[in-house]
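Okay, here's what each chain looks like letter by letter:
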There are 2 protein chains.
Amino acid sequence: MAKENSKVKIIPLGGLEQIGMNITAFEYEDNIIIVDCGIAFPEDEMLGIDLVIPDFTYLKNNVDKIKGVVLTHGHEDHIGSLPYLLKEMNVPIYGTKLTIGLVENKLKEHNLIKTTRRKVVKQGQTIVLGNFKIEFIRSNHSIADAVALAITTPAGIIIHSGDFKIDYTPVFGEVINLQRFAEYGKKGVLAFLCDSTNVERPGYTMSEKTVGKAFDNIFSENRRSRIIIATFASNVDRVQQVINSAVKFKRKMVVEGRSMINVVNTAKELGYLKIPSDMLIDVEEMKNYRDDQIVIISTGSQGEPMAALSRMASNNHRRITIKPGDMVVLSSTPIPGNEKTVSRVINELFRKGAKVIFQDTHVSGHACQEEIKLLHTLVKPKYFIPVHGEYRHLIKHAELAEDLGVKKDNIFILSPGDILELDNESGGLTGRVPAEAVLVDGLGVGDVGNIVLRDRQHLSQNGLIIVVVTLRKHSAEVVAGPDIISRGFVYVRESETLIEDAKNVIREALNQCLSKNITDWSRIKTALKDALSEFLWKQTKRNPMILPIIMEL
Amino acid sequence: MAKENSKVKIIPLGGLEQIGMNITAFEYEDNIIIVDCGIAFPEDEMLGIDLVIPDFTYLKNNVDKIKGVVLTHGHEDHIGSLPYLLKEMNVPIYGTKLTIGLVENKLKEHNLIKTTRRKVVKQGQTIVLGNFKIEFIRSNHSIADAVALAITTPAGIIIHSGDFKIDYTPVFGEVINLQRFAEYGKKGVLAFLCDSTNVERPGYTMSEKTVGKAFDNIFSENRRSRIIIATFASNVDRVQQVINSAVKFKRKMVVEGRSMINVVNTAKELGYLKIPSDMLIDVEEMKNYRDDQIVIISTGSQGEPMAALSRMASNNHRRITIKPGDMVVLSSTPIPGNEKTVSRVINELFRKGAKVIFQDTHVSGHACQEEIKLLHTLVKPKYFIPVHGEYRHLIKHAELAEDLGVKKDNIFILSPGDILELDNESGGLTGRVPAEAVLVDGLGVGDVGNIVLRDRQHLSQNGLIIVVVTLRKHSAEVVAGPDIISRGFVYVRESETLIEDAKNVIREALNQCLSKNITDWSRIKTALKDALSEFLWKQTKRNPMILPIIMEL
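Residues numbered from 1 in each chain as written. Chains lettered and ligands numbered in written order. Predicted model: local features only at pLDDT ≥ 70, side-chain atom pairs only at ≥ 80, totals over all residues. Heavy atoms only, no water.

With an unreviewed UniProt entry as reference, chain A is termed Ribonuclease J, source organism Natranaerovirga pectinivora. Under the Subcellular location (unreviewed entry) heading, UniProt states for chain A: "Cytoplasm". UniProt annotates chain A under Function (unreviewed entry) with the comment "An RNase that has 5'-3' exonuclease and possibly endonuclease activity. Involved in maturation of rRNA and in some organisms also mRNA maturation and/or decay." (UniProt positions renumbered as here; feature names shortened; annotations may be inferred.)

See below:
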C-alpha cells in the first residue's frame, strides 16, 4: 500500500532539449508507468546512423515495477522505439485504437506481434495500472485518436498534454475535451507536463479543416491537370481531406509510398478513413484514366531521397513519371534541417514542367501560444514541467507559465535522466538515471559509439591513405613496398606525382628509423604517420586518415 | 571593327540553377568581359569540400579576347573566385571603391596583390573595354557601393541588375538610380538580366534603416545587459547601424571574428563606416568597462562552427564568455541549410542564461516581387534572362516577366555553360561551353572528383574494413593472418565475436579458392570481398567498404 507521505517521481528519458524521442517514466513506490516510447532522427553529425532510441537501462533495472506503457498517439516520435523496448522486456501496451493499430504494424515487422500484450483504450476511458489511475482525455493533433493523460497518483494528479492543438472543427472526431482539463484543474493538479513545440509562435494554430478548403481550391483551379499531393503518411486527417476533394471533383485516388500504403490500410480498416469503395485504384490501373480523373497521394513531402515523390522528381520511380502540366502539392512544412532537400525536389519538379504548390496547404499539429495559455489556465497546476522541445522552447514555455502565475520555484526545466520528486509539500531534483541517446545502425543497437562516429567524420572529410610496407624482421629495412592505397583522398591515377613523392617520404622516414636503430613497430608506424601527415598537409592542406600496415619478412 | 551584323553572346558560367557562384561572360566578336566571379558553398553531399568555383576552361581558351572583369559588389558569391581566375590569367579588375577594397584583402591572402591590375570606378561612371561601354549604375544591396551594369554593345544595350533591392532610405549613399534604368529603357534595351533571389516573395523588401530602429529598441530595453550582435561581416550598413545605436546609448564597441575585423578595417579606411575615434576598443580592454558600456559585434550569425558567436556559445572562445543576462542578437535569417546549426547556437546561448533575439532584426538585400516589377517596367527589355536563383526562382521570374509583357519566346532560362546569341533581329542558344562546378579541397582545385566523393560518402555512412592476409606465392594458401582493421564500422574491442567470425568467413573463402585452384589475386580479392560483405550484411545490415590487402610470401 502507498504510504501517505511518498512522492511521485517523474523521470524523462528523452523528449527534452530535442524534438523527438518522447518517453517519460512516472514512478510511485514500486509502480512505474511509461508514457510514450519514441525515436528521434539522427543529427547531421551522426553519420550513417539510422535512428536514435532512448537508453532503457533504468527501466531494465526496475523491470519488476513496470505496469505498462501508455501511448498518447501513433507518431514515430512517440511509438517508434517500442520494438526496441519490447525486445528488452515484455510489458503491456495501452493506447487508443488507431495508435495500437499503428503499433501492431511495427510489432509485425519486428516479429513481436505474438508475444506483446496490448489493450485498446477509448478516448475518455480510465484504466488502473498499479497505483496509477490514468484517464485518456480526448485531444487534437495531426493524427486522429490522440489523447492527453490525467494520471492520478497517491501524491496528486499529473496532467500530461501529449502533443496537442485545439481544433474546434477537427476533420475526425471532436474538439479536445477542454471540460475535463477544467474539472481536473478545479480538483487541483499537482503537476502539468505540456507540449512546447510551437511555444515561440504567437496566436492560434489554424484548424486542420482550413487545409481541406485549400485542397478544394487547387482541385477547382486545376481541373485538367493530374494532381499529386505529398504529405506525412501519419496525418490521416490530411489524407481524408484529399479523399474528400477527390470525391467532390470525381477523381480516383492512387496511394504511393510504403508508409502511406500502410497507414491508409490501417486507418481504413479501423474506420478512421472514409473512402468510397470504388475510389482507390492501383497504380497499374492509372493508364485507364485521363489525367483529370486522377489524384495521387504520396510520401516524400520532406524531400526524403527514397520516398515516392523524390523518386518521381528524379525520374527514379518505376511507375509514375512527372510530366508537364502535372500539379504537385507539398502539403507540409520542411522540418528544420530538411529545407535544402525539399527545395531540391521542388526544383526537379519544376524542371520536369510540373506546377508546384508548397505553401499555404499545411497547418501544424501543435498548439501556439494562445492555446497553450488556455490549457495552462484550465489546469492551473502547482508544478509545471515544459516538455517536447529544444532547450529554447522549454525556457520560453517556462517564462510563459510564470507569466500565467506558476511560481518560479515550481517550474522545472528538466534534462533527460533527471529524477524529479514531487508531492503537495515540496518538489525537487533528487538524482539522475542514464539517458544518453542510443544509436541504431542497421541491426546494431548501441554498438556505434563516439570513436566510430569520429572515424566516420574524419573519413568523410578527408578520406584515407593506407600505406603497406614489408620490413625485414626486427628492423626498419624495406623488403617490399611501400604501396599506397587511397580512398576518398585523391584519385591515385590522377595524382601520380603526389603519390610517388609520398612514397619517397615514407622511404625516408623508414631510413631514419633504420639509422636510429628503431625496430619497435608502433614507433615505426608513428614515425611513418607523422612524416606522411606533415608532407600531405604541406602539399594539399588536407588531413586524411593514415593507416600504416607493416608486414614482416 | 565590329561588323554591323554580329550578335552578342551571353555565357553564364554559374549563378543559375543555384544560389551563388555568379559569373557571366559577355562576348562580342573578339571581345569578352566577365561580370562577377563568385564562389558557391559546397552542397551537403560534397563531403570535405571547402568551396566551389566556376570552370574557367572557356575563358582560358579565349584568354586573348578578355578585356577585364567587372564587379557588381563585394560579396563572396560575386568576388570569391577571383584569386582562382587570376592564377590562370592576369586580367584587369574593375569595381567600386569598397568592392576593390575587399578584393584587395583576397589578393593579399593569395599573394596576387602585386601582379593584379585593378581600377576603382565610381557609381555613375562609364568605362570602355574593347567593344563594350559599361556604365556602373548606382544600386542598393546589403553591402554598400553596389552597382547594376548597363553594357552597351554594338548589338544593343544589356542591363544586368546585379544583386539589388530598392531602398528609398539607405543607410549609406543614395537610392538606386531608377532614372538611369528609365533612360536606358527609353533608349531601348536589348536584354535584361535580373536578380531572382526573392522572386517568390510578394511585396517590397523593407529598408535597411528599419533594422536600425529595431537595434535602438533593443538597446533601450536592455540598458543593463551586455549586448552582443552577430551579423554578416559584409553587411557594412548593418555594422554602421550597430555603431549608431552604440553611440546613441554610449557604449564602446568590440569587433570579433576574423572576417568582421577585416571588413570593418577596410570599410573604415575607405570611408564606408563612420566610427567616432575613441569608440572601438580591443577585446582586452573590455574588463575596464561595465556590461552596460559594451556592445560586441561578431561573426557567426549563421551558426558557422568556427565563427566567433558559435565559439562563445559553446565556451570555446578564448576571451569572451557568455554570462547570464547577456543580450544576444542574431541579426540575420538562416540561409537554407543552416537552420539546424543556427538553432543549436541559440539553444546553447539560452543554456548559458543569455537572452536571445533572432527575429525581426534583419531585412533582405534582394528585391521582392514589386521591386522586380518596377525595374522590369523601367527597363522594358526585348529579351529577358532571369539570373541569380535556383531553377524554381528562374521559372517564377520568367512567368512574372511574361505577365509584364515580355514575349514568351524572348525569355531564356539558361543553364550554366549555355551560349545565348542575341541581336535586334533574333536570339537563341547556339552551343555550350564547359561549366561543371569545380571543387576546392584544401590546396587542391578540381582534384576531388566523383570517385573520391563517392568513396567519402561510402566511408561516412558505413566505415571501413581492411583485411590483411599473407598467402603462399601463386596460391590461396594462408601463411599469416587474416588480420582485420576496422575504422568507422565497429569498435573492434567491443565487437570481438563479430571480428572472429569474420576472420573465419575469410579463411573459408580462401580455402574455397585453394580447392578450386584459383591463384589470380584479383579473383581471390573479389571472392574474399563478396564473402565478407555478405556475412557482414547478414549480421549487421551494414555495408562497410572492404579493402583486402594480400601479401605474398
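**With respect to the UniProt feature "binding site: Zn(2+) 1" (unreviewed entry) in chain A**
Residues and elements named next belong to chain A. UniProt's feature table lists "binding site: Zn(2+) 1" (unreviewed entry) at His-73, His-75, Asp-77, His-141, Asp-163 and His-388, given in the numbering used throughout. The greatest C-alpha distance among the annotated residues, which extend across 316 residues, is 13.9 Å, indicating that they converge on a single site. The residues touching His-75, leaving out its near neighbours within four places in the chain, are Gly-80, His-141, Ser-142, Ile-143 and Ser-234. For Asp-163, a relative accessible area of 3% gives the class buried. Apart from residues no more than four positions distant in its own chain, Asp-163 is found in contact with His-73, Asp-77, His-78, Ser-139, Asn-140, His-141, Asp-195, His-366 and His-388. Within polar-contact distance, the side chain of Asp-163 engages the side chain of His-73 at 3.4 Å. (Contact = heavy atoms within 4.5 Å. Buried < 20%, exposed > 50% of the residue type's maximum accessible area, 1.4 Å probe, protein only. Polar contact = N/O pair within 3.5 Å; in protein donor to acceptor, adjacent residues only side chain to side chain.)

**A short note on the relation of the copies chain A and chain B**
Of the transformation placing chain A onto chain B, the axial shift is 0.0 Å and the rotation is 180 degrees, giving an RMSD of 0.0 Å. Here the copies are linked by what is in effect a two-fold axis. For chain A, the smallest separation between a C-alpha atom and the rotation axis is recorded for Ser-460 of chain A, amounting to 2.3 Å. The overlap is high: 100% of the interface residues of chain A also sit at the interface in chain B, so the same surface is used on both sides. (Least-squares fit on C-alpha atoms with pLDDT ≥ 70 in both.)

**With respect to the nonpolar core**
Within the largest apolar cluster, 65 residues are counted, with the highest numbers of intra-cluster contacts made by Leu-59, Leu-82, Leu-85 and Met-253 of chain A. Two domains each put at least three residues into this core: domain 1 (8–203 + 365–440) and domain 2 (209–357) of chain A. Excluding residues that lie within four positions of it along the chain, Leu-59 of chain A makes contacts with Leu-13, Ile-23, Ala-25, Ile-34, Ile-66, Leu-85 and Met-89 of chain A. In terms of nonpolar packing, the next biggest core, distinct from the first, is built from 64 residues, Leu-13, Leu-102, Met-260 and Val-329 of chain B among them. (Core = buried A, V, L, I, M, F, W, Y, C linked by side-chain atoms within 4.5 Å. Domains from an automatic or database assignment.)

**What to know about the interface of chain A and chain B**
Each side of the interface is counted separately: chain A has 57 residues, and chain B has 57 residues. When the buried surface of chain A facing chain B is broken down by residue, Lys-340, Arg-392 and Arg-542 of chain A rank first, second and third, together holding 12% of it. Taken together, the connections running from chain A to chain B amount to 12 salt bridges. With a shortest N-O distance of 2.5 Å, Arg-542 of chain B and Asp-447 of chain A are connected by a salt bridge. (Buried area = accessible area lost by both parts, 1.4 Å probe. Salt bridge = Lys/Arg side-chain N within 4 Å of Asp/Glu carboxyl O.)

**Things to note about the UniProt feature "binding site: Zn(2+) 2" (unreviewed entry) in chain A**
All names here are of chain A. Taken from the UniProt record, the annotation "binding site: Zn(2+) 2" (unreviewed entry) applies to His-78. Residue position: His-78 is located in helix 2 (residues 76–79). Classification of His-78 by relative accessible area gives buried; the value is 0%. What His-78 contacts, discounting residues up to four positions off in sequence, is Asn-22, Asp-36, Cys-37, Gly-38, Leu-71, Thr-72, His-73, Asp-163 and His-388. (Helix = DSSP H or I, 4+ residues; strand = E, 2+ residues; numbered from the N terminus.)

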